[in-house]
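What the coordinates show
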Amino acid sequence: MRLTVIGTGYLGAVHAACMADIGHEVLGVDIDAGKVRALAEGRPPFYEPGLHDVLTANVGSGRLRFTTSLREAADFGEVHFVCVGTPQRRDSPAADLRHVDAVIDSLAPHLHRPCLIVGKSTVPVGTTARLTARLRELAPGVDTEVAWNPEFLREGFAVQDTLEPDRLVVGTDSDRADETLRAVYAPMLRAGVPYVGTDPATAELVKVAANSFLATKISFINAMAEVCDAAGADVVTLADAIGHDTRIGRRFLSAGLGFGGGCLPKDIRAFAARAEELGVGRAVAFLRQIDEINMRQRRRTVAIARNLAGGTFTGRRIAVLGATFKPDSDDVRDSPALAVAAAIHDRGGEVHVHDPQGVDNARAVLPALRYAADAAAACRGADLVLHLTEWGHYRDLDPAALAAVVRTPKILDARNSLDADRWRTAGWFVRALGRPAPALGRQPARVVIPHGSGCAAPADGDPLSLSPK
């Protein structure tokens, strides 16, 4: 089939390359001429494992091309996938749909033959119906239909998730549209991938409901980590124990710094905002608490780090391992790691950051921080090391070698993914969120975090409980 993919950011570039890889002719469309040029040369505009190979293979085969012209797209495509961003609005928690609306407004005047427009972006429920009405106004007499087919990509696994999805969810208003999308995804269906065909409103809700559930699970175990810190219990053992319950499961039940990125935080806020618009805000009121718990983890991490640094960041050199919001990505959007680093810098710390892939993007967002080419350089002379993104690279570090370059062998593992015994054997003091801390002078029984939003660290002089354990 002849497909277009409009928007070649993270979602669109992966979708375009993978649709070509399963045999379709694909035209990627973007208003950014530089991005289009890079993709046409087989150069991904971001880091994603496996994407470079799939992209170059299909550009080379001629099945995948890129353009800035929506007129060309309208002439080319039988199915148009809309993959543009839906960020949070600047003035509210709601989703900003101007990019989605712009695609419809710009594409419609060029449509002249039957086609199917398929949204993959995460949108508020009701968007398909609204866009359908708009399309009828702008392209009267043209046989078009809008369907919704939400994406479920995990950064770091996006190519795999596209080629071997755990399910396909498709919301349509006609059998013809459903049959068309079954044809698009025929290789996956032959491989036995579950296909959920439903109405557009349900399809739109599936993505935000899934993200809300994951966010709830993550924030639940992070709330338990705070209780464990106060009670002297171990959140990892707690998670293992309750994870054996098949009704709960162990996945996404790892306590740490919390979630970030371009999806979960803005999606749960937009879902709550849309529910308010529909008059059912109280049904999802818990999402605001989930969001607050998540942001609180950042403030807790900053406060614990300040305690470990001797009560102040002023005059302290702090090494930060990790800048991206998750490993195997160069994405620093709403990164908890970068937010913590920024908060420490704002409180007078000399922050040195390393990340295997995200340094350039981090520097573009926060140029005031210092960036290192490798972990050892970031840690040289450090009074405290913070492990904030769980890259496998950091698990493989030699703690004895790092101990030789720091000023004080002290690390806060805010992702609970390092082998604490191995680090302690190498002479390190290791503190982890929600796990019993070994004695180091006067250790806090608990850390009192001031109320507030964001990840701002408590100002010097704010009350922190420093009573000995």
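Basis of the calculations
Think of each chain on its own: its residues are numbered from 1, step by step along the sequence as written. Only residues with pLDDT of at least 70 are given local features in this predicted model, and only at 80 or more are side-chain atom pairs given and counted; all residues enter the totals for whole chains, interfaces and linings. The basis for every side-chain value is the complete set of heavy atoms in the structure, and neither hydrogens nor water enter the calculation. Per the convention used, a helix needs a DSSP run of H or I reaching at least four residues, while a strand needs a run of E reaching at least two, with both numbered from the N terminus. Pairs of residues are marked as contacts when any of their non-hydrogen atoms sit within 4.5 Å. Salt bridge, as used here, is a side-chain nitrogen of Lys or Arg placed within 4 Å of a carboxyl oxygen of Asp or Glu. Partly exposed describes any residue whose relative accessible area lies between the buried limit of under 20% and the exposed limit of over 50%, with all areas from a 1.4 Å probe on protein chains only and scaled to the type maximum. Classification of ring pairs uses Phe, Tyr and Trp, with its six-membered ring standing for Trp, and accepts pairs whose centres are within 6.5 Å; under 30 degrees between planes counts as stacked, over 60 as edge-to-face, and the remaining range as tilted. To define a nonpolar core, start from buried Ala, Val, Leu, Ile, Met, Phe, Trp, Tyr and Cys residues and group those joined through side-chain atoms within 4.5 Å. Residues are called lining when one of their atoms sits within 4 Å of a cavity or pocket point, these points coming from a 1 Å grid over the protein atoms alone, where a cavity is a set in which a 1.4 Å probe fits but cannot get out and a pocket is an open set with protein on both sides within 12 Å along at least five of seven lines. Grid points are joined across faces, edges and corners, and a volume is the space filled by probe spheres set on the points. In this description, strands pair whenever DSSP reports at least two bridges between them. Here the term right-handed applies to a crossover when the path leading from its first strand over the helix to its second strand runs clockwise, the strands being oriented away from the viewer. Here the axes come from fitting lines to C-alpha atoms, over the contacting stretch only for helices, and the angles between their N-to-C directions go from 0 to 180 degrees. We call two directions roughly parallel when the angle between them is under 35 degrees, roughly antiparallel when it is over 145, roughly perpendicular when it lies between 65 and 115, and oblique otherwise. By definition, any crossing whose near helix is turned counterclockwise from its far helix by less than a right angle is left-handed, and any crossing with a clockwise turn is right-handed.

This next bit is on the side chain of serine 219. Along the chain, the position of serine 219 falls in helix H10 (residues 200-231). The contact partners of serine 219, leaving out residues within four places of it in the chain, are Phe259, Ile290, Ile293 and Asn294.

We now examine the pattern of salt bridges. Any two side chains of opposite charge can pair, so long as their charged atoms come close to each other. Applying the stated rule across the entire model yields 32 salt bridges. Arginine 407 is paired through a salt bridge with aspartate 383; the nearest N and O atoms lie 3.1 Å apart. Within this pair, whereas arginine 407 is found in the loop between helix H18 (399-403) and strand S13 (410-413), its partner aspartate 383 is found in the loop between helix H16 (375-379) and strand S12 (384-387), the two being separated by 24 residues in sequence.

One non-glycine residue, aspartate 328, lies in positive phi territory at about 60 degrees. Here aspartate 328 shows up in the loop between strand S9 (317-321) and helix H14 (336-346). In this model, asparagine 416 sits at a positive phi of 50 degrees, which is unusual for a non-glycine residue. Structurally, asparagine 416 can be placed in the loop between S13 and helix H19 (420-425). On the accessibility criterion, asparagine 416 (17% relative accessible area) is buried.

Further remarks concern the packing of aromatic side chains. All chains considered together, the criterion is met by 2 aromatic pairs. Considering the side-chain rings of tyrosine 10 and phenylalanine 46, the 5.3 Å spacing of their centres and the 45 degrees angle between planes classify their relative orientation as tilted. Note that tyrosine 10 is positioned in helix H1 (residues 10-21) and phenylalanine 46 in the loop between helix H2 (33-40) and helix H3 (51-61), a separation of 36 residues in sequence. Just as tyrosine 10 is buried, phenylalanine 46 falls in that class too.

What follows deals with the environment of isoleucine 290. Mapping isoleucine 290 onto the fold places it in helix H13 (residues 286-308). Along the primary structure isoleucine 290 and lysine 217 are separated by 73 residues, whereas in three dimensions their C-alpha atoms are 9.0 Å apart. Residue contacts for isoleucine 290: discarding those within four places in its chain leaves Ala215, Thr216, Ser219, Phe259 and Ile268.

With that settled, consider the nonpolar core. Judged by nonpolar contacts, the single largest core of 38 residues is most densely connected at Val26, Leu64, Phe81, Leu181, Val184 and Tyr185. The greatest single-element share of this core, amounting to 9 residues, is contributed by H1. When sequence neighbours within four positions are dropped, the list of residues in contact with tyrosine 185 reads His15, Met19, Phe81, Lys120, Asn149 and Leu168. Grouped together as the second largest cluster of nonpolar side chains are 30 residues, Ile318, Ala343, Val351 and Leu433 included.

This brings us to empty space enclosed by the protein. As enumerated under the stated definition, the model contains 2 cavities of 30 Å³ or more in all. Quantified by volume, the largest cavity comes out at close to 90 Å³. Looking at the largest cavity, it is lined by 13 residues, and the ones nearest its centre are Val123, Pro124, Val208, Ala270 and Phe271. Residue assignment for the lining of the largest cavity shows that the elements contributing at least two residues are H10 and helix H12 (264-277). Tallying contributions element by element places H12 first for the lining of the largest cavity, with 4 residues.

Next up on the list: the pairing of strand S14 (residues 429-432). Residues Phe429 and Arg431 line one face of S14 and the alternating positions Val430 and Ala432 line the opposite face, and both faces are buried. Here 4 bridges tie S13 to S14, and the two strands are oriented parallel to one another. Note on S14: the bridge partner recorded for isoleucine 411 is valine 430. Following the chain from S13 across H19 to the adjacent parallel S14, one finds a crossover that is right-handed.

Let us now look at the packing of H12 against H13. Between H12 and H13, the shortest axis-to-axis distance is 9 Å and the interhelical angle comes to 155 degrees. By the criterion of interaxial angle, the relationship of H12 to H13 is roughly antiparallel. Remark: the crossing between H12 and H13 carries left-handed chirality. Contacts between H12 and H13 involve Ile268, Arg269, Phe271, Ala272 and Glu276 from the first element and Leu287, Arg288, Ile290, Asp291 and Met295 from the second.

The residue proline 109 is located in the loop between helix H5 (98-107) and strand S5 (115-119) in this model. Judged by its relative accessible area of 57%, proline 109 falls in the exposed class.

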